[in-house]
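Survey of secondary and tertiary structure
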Amino acid sequence: MGVQGLTTYVESNRNFLHDVKFRDSRLVIDGCSLYYRLYFNYGFDQQHGGDYDAFACFLNQFLSALETCNIEPYVVLDGGMDPSDKKFATLRQRLQSKIKEADSISHGRNGSVLPILVSKVFIQVLNQRGIPLVQCPAEADWEIACLAHQWNCPVLTNDSDFYIFDLPAGYLPLHFFQWTNLNGKASQRYIPSRCYTTNSLCRWFGGMNRELLPLCAVLTGNDYGAPKEAETLLALIDMSALGRGGGRGRGRAPASRIEDILIWLSLFPNVTEALKEVSRLMDGVAGVGRRGQGGGLSSQLLAAMQEYNIKAQSSLAPWFSECTLAPRGKTSGQAQLPECLSLAAARGQLSNLALDAFVMQRVLLIPQVENSKLASSHCISTPIRQAVYGILLQKAENTASLVSAAKLAKAGQAQMQGTGSKRGRGGGGRGQQGSEQVFNAAPVQTQSHGSGSPIFVEEYDRLDLTLSKKQVEPVILLNHIHLDGLSQAPAAVRLGVLFEVLGVTQSALAPVPLHLQLAVAVTGFWLREATPAPSQALLQALVMGMVYGELTLNSQPGAPRKIPVAPQLNWAAERGFLSALDRQRVRPGERRGVDVGAAHCLSQWQSCLWSALCLNQLLLVPLPEPNVSLLFSGTLVHGVFRYLKGGRPVESLLPGGSLSGQLCFSLLDAVKDCSLKANLSSFGSGKTRRGRGRGRRRRGGRGGRGQSQGGGRVSEEINNRFALLMSDEDEDH
């Protein structure tokens with residue numbers, strides 16, 4: 001949430017905050033506020049799709065600072081949209097604004113757009129560090145306040161609603177939390193900060209009753225809006241009686257308006273008396289026959305104030321002590337999820353995309369920096385999301401007939417392919433705006449009233465530079481798996497669903513280290529479906545970024561979870577490779593603008609990965625999640641692409657006979673294999689059209705060298721050598 005103008009007002013008056021030396025305490029952290037603040041205020045890349053590696057490193061530094069000061073963080077994240085829809089108008093306005101800001105950034109102008117996978121990186125880093133976290137069903141503000149109140153510890157956030165919540169240990173605004181400037185002796189390090197409590201504000205207004213602060217927030221207007229009659233009421237408040245020159249007036253700045261409201265509220269001993277005055281003022285202007293209008297407004301204001309009413313026992317406390325979810329009402333949308341998915345959602349391991357589709361049948365697609373003259377980058381990944389929607393929204397009892405229809409559709413497609421029907425790269429128009437691609441002929445049907453009419457998920461995405469709504473049909477897959485049977489389904493079945501959606505087979509991924517298989521499968525899907533088609537140089541740059549991440553993890557001294565390395569590897573050469581790639585990075589302040597064509601293509605890839613990560617989570621992670629901070633660094637990939645686009649071969653960046661070179665070419669070959677649409681009968685059988693795959697691999701898989709002979713031997717060697725670099729997740733999965 002947020003109260004308009006309240007942050008500016010409070011922070012402009014030093015009497016409302018006091019200095020603290022923060023250490024030796026629990027700290028409830030608003031996770032979304034934290035990652036927005038860290039990413040934007042410390043200048044990480046937005047133009048090139050995000051520098052996830054640098055952000056992960058910085059987040060680790062933040063967490064280390066807390067640890068040094070003996071601060072125990074508990075992170076609370078927002079979940080899906082508010083089912084009441086009270087905030088939906090605000091969300092639409094923000095999304096429209098971000099569409100325009102993304103376009104502004106693509107033209108080298110100012111803007112602020114969070115890269116699409118920042119929240120995923122944030123959660124992965126917290127999990128790696130063992131930081132307790134929970135994802136709420138919807139907006140987290142109220143839950144955060146209740147937890148901090150019960151634990152008597154402060155909240156760290158950037159949300160002005162916390163100037164209203166009555167928290168005994170106060171609120172630490174991120175703006176004043178100087179975690180990069182630790183002070184104190186070695187055993188007593190602390191973070192200088194400033195702390196706010198409602199007591200300090202109310203003392204300034206003559207000991208005003210703290211219970212009146214929520215009324216100030218509602219009258220001023222928060223993310224849920226204010227009652228329509230509130231403007232009339234504010235115009236009626238006679239500030240001249242307070243010696244302030246005749247009232248608020250429409251031309252007054254928001255901070256002055258807040259102060260005027262607080263002065264007026266300080267005249268009343270409690271909420272009841274203030275609302276009586278509201279009724280009196282409104283009835284006075286209602287006219288004969290319209291008495292009672294004031295009482296209606298008072299009721300609306302009182303109801304809106306309940307958003308700030310903290311309860312004594314937090315529903316999150318049992319989660320952090322016992323990993324137990326508080327029971328939710330049967331009417332709660334997420335209460336209908338299977339227990340395995342409810343737990344995954346609470347751990348932050350089920351994305352908002354799935355939660356919103358399940359509860360609201362509505363999804364907001366995150367704007368990216370791309371070519372706004374082309375179709376949205378999210379169009380390419382529509383088929384992946386359709387599969388997500390089909391699993392979430394199809395009831396088990398109505399599945400059999402639809403799966404049969406899907407099989408018939410598949411057979412028809414196979415017959416068309418056998419008679420020479422060619423779709424070409426891009427999938428016969430897949431990815432064009434407004435064209436929902438259904439890769440079988442079995443849309444989900446409604447269960448109510450026996451109507452049998454299709455149901456849809458509303459997707460909000462850009463059309464040119466305008467926020468637009470389109471209806472997307474969920475689909476039933478050939479290897480359909482229904483929601484109620486997810487936890488009982490064998491891993492092989494769930495993996496088959498993932499492979500079907502991405503159009504790959506297990507044999508195509510066999511040469512790839514397990515923890516990179518999802519990323520390679522997604523890259524193959526992207527290479528096959530993207531419009532315009534990605535260039536060879538862009539594919540090579542993207543894969544080089546993945547290799548860079550793998551080698552970075554394993555070559556730096558003191559890296560977390562250090563992995564044993566093979567003694568025959570020449571790590572001096574590998575570190576030289578890392579340095580060579582680092583020199584190609586796009587540097588802040590470079591005058592040349594972003595390559596919008598490359599940015600658009602890479603935004604398509606990120607959208608595919610974002611959607612595929614959601615599908616993989618929904619299927620209970622049949623493939624291990626890749627470490628996103630090691631997969632993609634926008635300034636690195638764009639810089640390497642610029643180097644390769646200049647006509648230089650990829651080999652010029654790779655040391656001869658190096659692990660990095662072998663891994664790079666092995667991944668390129670695997671991506672090429674995955675980019676070939678698997679035979680419709682081959683899912684789960686391991687069959688691929690190998691002849692055509694080898695032909696394409698010779699044409700460009702190795703940067704023009706054309707040397708694929710001995711590919712099997714090379715793949716076996718790279719796997720043997722890479723086995724010693726595998727992460728613990730690979731070993732345990």
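Everything discussed here concerns the structure shown above.
Residues numbered from 1 in each chain as written. Predicted model: local features only at pLDDT ≥ 70, side-chain atom pairs only at ≥ 80, totals over all residues. Heavy atoms only, no water.

This part covers the sheet that holds strand 9 (residues 457–463). Sheets are built from strands paired through backbone hydrogen bonds, the pairs being either parallel or antiparallel. On the basis of which strands lie adjacent, the open sheet formed by three strands has the order 8-9-10 and mixed pairing. At either end of the open sheet lies a strand with only one pairing partner, and these are strand 8 (362–364) and strand 10 (466–472). Within this sheet the neighbouring strands show an average axis-to-axis angle of 30°, counted without direction. With seven bridges connecting them, strand 9 and strand 10 associate as antiparallel partners. Of the residues in strand 10, the one forming a bridge with Arg462 is Leu467. (Pairing = 2+ DSSP bridges. Helix = DSSP H or I, 4+ residues; strand = E, 2+ residues; numbered from the N terminus. Axes fitted to C-alpha atoms, helices over the stretch in contact; angles between N-to-C directions.)

Per the counting criterion, the structure on display carries five cavities of 30 Å³ or more. For the largest cavity, the calculated volume is near 110 Å³. Together, 16 residues line the largest cavity, and Gln46, Gly49, Gln368, Val369 and Ser603 are the ones closest to its centre. By residue number, the principal contributor to the lining of the largest cavity is helix 23 (residues 596–618), which donates four residues. A breakdown of the residues in the lining of the largest cavity according to their chemical character gives eight nonpolar, eight polar and no charged. (1 Å grid on protein atoms, 1.4 Å probe; cavity = no way out; pocket = protein on both sides within 12 Å on 5 of 7 lines; lining within 4 Å. Points joined across faces, edges and corners; volume = space filled by probe spheres on them. Nonpolar A, V, L, I, M, F, W, Y, C, P; charged D, E, K, R; others polar.)

Taken as a whole, this structure holds 20 salt bridges when the rule is applied. Here Asp85 ties to Arg362 by a salt bridge, and the two come within 2.8 Å at their closest N and O atoms. You can see Asp85 sitting in the loop between strand 3 (71–77) and helix 4 (88–106) and its partner Arg362 sitting in strand 8, a full 277 residues away along the chain. Classification of Asp85 by relative accessible area gives partly exposed; the value is 33%. Residue Arg362 is classed as buried on the basis of its relative accessible area, which comes to 10%. Across the pair Arg385 and Glu459 runs a salt bridge, and its minimum N-O distance is 2.7 Å. Separated by 74 residues along the polypeptide, Arg385 in helix 16 (residues 382–393) and Glu459 in strand 9 bring together distant segments of the chain. Among the residues examined, Arg385 registers a relative accessible area of 0% and is labelled buried. (Salt bridge = Lys/Arg side-chain N within 4 Å of Asp/Glu carboxyl O. Buried < 20%, exposed > 50% of the residue type's maximum accessible area, 1.4 Å probe, protein only.)

Let us look at the pairing of strand 7 (residues 191–196). Among the six residues of strand 7, six are classified as buried, and the element is accordingly described as predominantly covered. Taking every second residue as pointing to the same face, both faces of strand 7 are buried, with Ile191, Ser193 and Cys195 on one and Pro192, Arg194 and Tyr196 on the other. Sheet topology places strand 1 (residues 17–22) next to strand 7; six bridges connect them, and they run antiparallel. Note that in strand 7 the partner of Phe22 across the bridge is Ile191.

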